[in-house]
Amino acid sequence: MEPDLNKLKDNWTNFVEHGILDSNTRPIIKRSWEYCQEINLDVNAGKGESIDACQLAQVLAQNRELIKIAQPIMQNLYEIVLSSHFVLVLTDKNGVLLDTIGDEVVSMRASELRFLKGTVWTNAAVGSNAIGIALDEDGPVHVVGAEHYCVSHHTWTCSATTIHNVKGEIIGVLNMSGESHKLHSHTLGIVVAAAYSIENELALSHTYRSMSASLDSTEDGILVTDENLNLQWMNVGAQKVLRINMDEFNTIGFKKIFKKMDIGCEIWNSDETTHYYTDVTAHIGSQKIQCSANISRILENDQIQGYSIGIREIKHLHSAVNRVSGNVAIYTFSDIITQNPQMRMIIKTAEKMARFKKCILIEGESGTGKEMFAHAIHRASAFSQGPFIVVNCACLPRDLVESELFGYCKGAFTGALNEGKPGKFELAEGGTIFLDEIGEMPLEVQAKLLRVVETCTVSRIGSQTERKLNIRIIAATNRNLEQEVKNKSFREDLYFRLNVIYLHIPPLRVRGDDIVWAASHFLDRLNREYPEHNKSLSKEFLEGLKLHPWPGNVRELQNYIERTFYLCPEPIISSDYLPTPPPRQFVETSVLPMATGPTLDDLVKANLEKILKETHGCVEASAEMMGLSRASLYRKIKKYKIDIKDFRYLSQM
């Protein structure tokens, strides 16, 4: 029911002149009038006061998003009520007018009241009005004729409601004002609906910004396209991966950048398929960027409306995989413990060679520390920040060697993963690949490995394209590869490619000084770990260690010291705990007697003769290699009745 304008006028007159209010006066009007009376507001006032230009510029900047979203909604609303001579007004949370839309007639009348951008329309500034009451009451309100406190507003009818942000805080007011005799019961409903639309758009904008910020915070690139692969949006990650922005992307075109990206209907082979993974190459000018892609459909009513495509540069993906997989080098050159002059020279050589990118071949018996050298070379090289991939060629099943080393594409063979799989060489990008036991690699794979070494490129099984590699290759073997080449079990061309820089790690048995040094080091580490069982090594025990052949080298020595530490109950490990020589293989039957193994003296004598042969009978060099004094060595030569002349004679033959 529409109010009687004359009764409203009489009620207003009784209040301002006599302080009497009709019992039918609406509570929100009563509260507002009483407030205006308390602050002694002049009923003949009511014209908006403008804030200064600097303040207005600041207010407009602070409410930029509200204005941007509200303007089109206000314009649509104005076109609906165009002929009814209403003015639409948007204010901020403090009642400052941010924008007005109205026809010439109503705008002229509004300007008489200074109902203009930059003026303040709170109850305290201009008396009771819809904008001020909406802000005070935080809700929708209509104020008709003499419900306004100031006389100059009595010919107006105003409907207003507050606008909230996503936190529920008041950020502004939407108001619709016109001549009081044109009051319509639906006016307030229209304003509330428009304000609700503004709040929804603000919420969507907030959600969009939050999503954009979240998606921009990831290193992964994200592309959103329509059903025809026209780019609609891309995040910062995608711009970094592709090195271009959205405008540049659209100039080139999706299908020219991702020439072989398969998004055909056949890949969505069931309703359960929501994601599709593949490897793609992005062609940006002369650049080719290898990426992994994760493609998802955007569906509406079961119809594809577009695609969301996540992309990540392969090298960064491999880096993440390597971090999770623990493909990192642990040891440095300082971890290689030695007192042997020959070993120290080898370490110095390795440190120098680590600075170069060329292939390194490390030969040495099992247990001498070839892998530690590989770790240390990687850590000292320009590839130290990249992955360290270890491949034990002896452990790879013969039929899987190629796929493990070089990778494969989808459908390359029965049982292949749909998305394909990168090989060890790809995973080593930017780092080092260590090919341990290279002598065990099958001949048929050596040819493909040769091409990888020569060209620094790798081609997956089933692929026609090659991927450029930036890696360092280190190979190691306990075989004599030169002899393997002569035996036709290793390719000569591959041998020379790998053997650009050569390191030979001598066995422990010719490094007597290192036997004592390493044993003491291992024991110290055990003492620190178990201080309540602290032990030391007797002189006799150390002398005996030097005489053992240590076929397992450092690995065997470490294992033996640990075992002795756990088994020996005394604080000093005596010669009683010296290792016994490994027995020869024997066949035990009911008829044949058990074969006896060599004695310790037999092994010591054989080892001494071997060293004398290597040094051509030079006592000084032999003593240095065994960590003995010349006098001690002469005593052993005499004990085992060895004639040094025999070895000097051999060297002259």
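This structure is a prediction, so every number in the text was calculated from the model and none was measured.

Peer 1: Can you explain the layout of surface pockets? Please cite residues and give values.
Peer 2: Taken as a whole, the second largest pocket spans an internal volume of roughly 660 Å³. Forming the walls of the second largest pocket are 27 residues, and the residues nearest its centre are Y331, G369, M372, V554 and Q558. Considered class by class, the residues forming the lining of the second largest pocket number 10 nonpolar, 8 polar and 9 charged. There are two domains that each give the lining of the second largest pocket at least three residues, and those are domain 3 (324-504) and domain 4 (508-577).

Peer 1: Hey, could you go over helix α22 (residues 553-567) for me, with residue numbers and the actual values?
Peer 2: Compared with an ideal rise of 1.5 Å per residue, which puts 15 residues at 21 Å, α22 spans 21 Å between its outermost C-alpha atoms and is within 8% of the ideal. On the buried face of α22, the contacting elements are α20 (512-529), α21 (539-547) and β23 (572-573).

Peer 1: Any details on the environment of S575? Residues and values, ideally.
Peer 2: Relative to the assigned elements, S575 resides in the loop between β23 and α23 (600-614). Accessibility expressed as a relative area gives 33% for S575, which makes it partly exposed. In this structure, the C-alpha to C-alpha distance between S575 and L542, residues 33 residues apart in sequence, is 8.1 Å.

Peer 1: Please set out empty space enclosed by the protein residue by residue, giving values where relevant.
Peer 2: The final tally for this structure, using the stated rule, is 1 cavity of 30 Å³ or more. Approximately 90 Å³ is the volume attributed to the largest cavity. Around the largest cavity sit L113, F115, W121, N129, A130, I131, H148, H153, W156, C158, N175 and S177, which together line it. At the level of elements, α7 (130-137), β6 (156-164) and β7 (170-179) are the ones that each hand at least two residues to the lining of the largest cavity. For the lining of the largest cavity, the per-class residue count stands at 7 nonpolar, 5 polar and no charged.

Peer 1: Give a description of the sheet that holds strand β5 (residues 141-144) that names residues and reports values.
Peer 2: An order of β3-β2-β7-β6-β5 is seen for the 5 strands of this open sheet, with the pairing classed as antiparallel. In this open sheet, the two strands that pair with only one neighbour each are β3 (97-102) and β5. Shown here is a sheet whose adjacent strand axes are inclined to one another by a mean of 15°, direction ignored. Bridge analysis of strand β2 (residues 87-92) against β7 gives 6 bridges, and the strand direction is antiparallel. The partner of L88 across the bridge, within β7, is M176. Against the sheet, α7 contacts β2, β3, β5, β6 and β7, and its axis sits at roughly 35° relative to β6.

What counts, and where the lines are drawn
Residues numbered from 1 in each chain as written. Predicted model: local features only at pLDDT ≥ 70, side-chain atom pairs only at ≥ 80, totals over all residues. Heavy atoms only, no water. 1 Å grid on protein atoms, 1.4 Å probe; cavity = no way out; pocket = protein on both sides within 12 Å on 5 of 7 lines; lining within 4 Å. Points joined across faces, edges and corners; volume = space filled by probe spheres on them. Nonpolar A, V, L, I, M, F, W, Y, C, P; charged D, E, K, R; others polar. Domains from an automatic or database assignment. Helix = DSSP H or I, 4+ residues; strand = E, 2+ residues; numbered from the N terminus. Expected span 1.5 Å × (residues − 1). Contact = heavy atoms within 4.5 Å. Buried < 20%, exposed > 50% of the residue type's maximum accessible area, 1.4 Å probe, protein only. Pairing = 2+ DSSP bridges. Axes fitted to C-alpha atoms, helices over the stretch in contact; angles between N-to-C directions.

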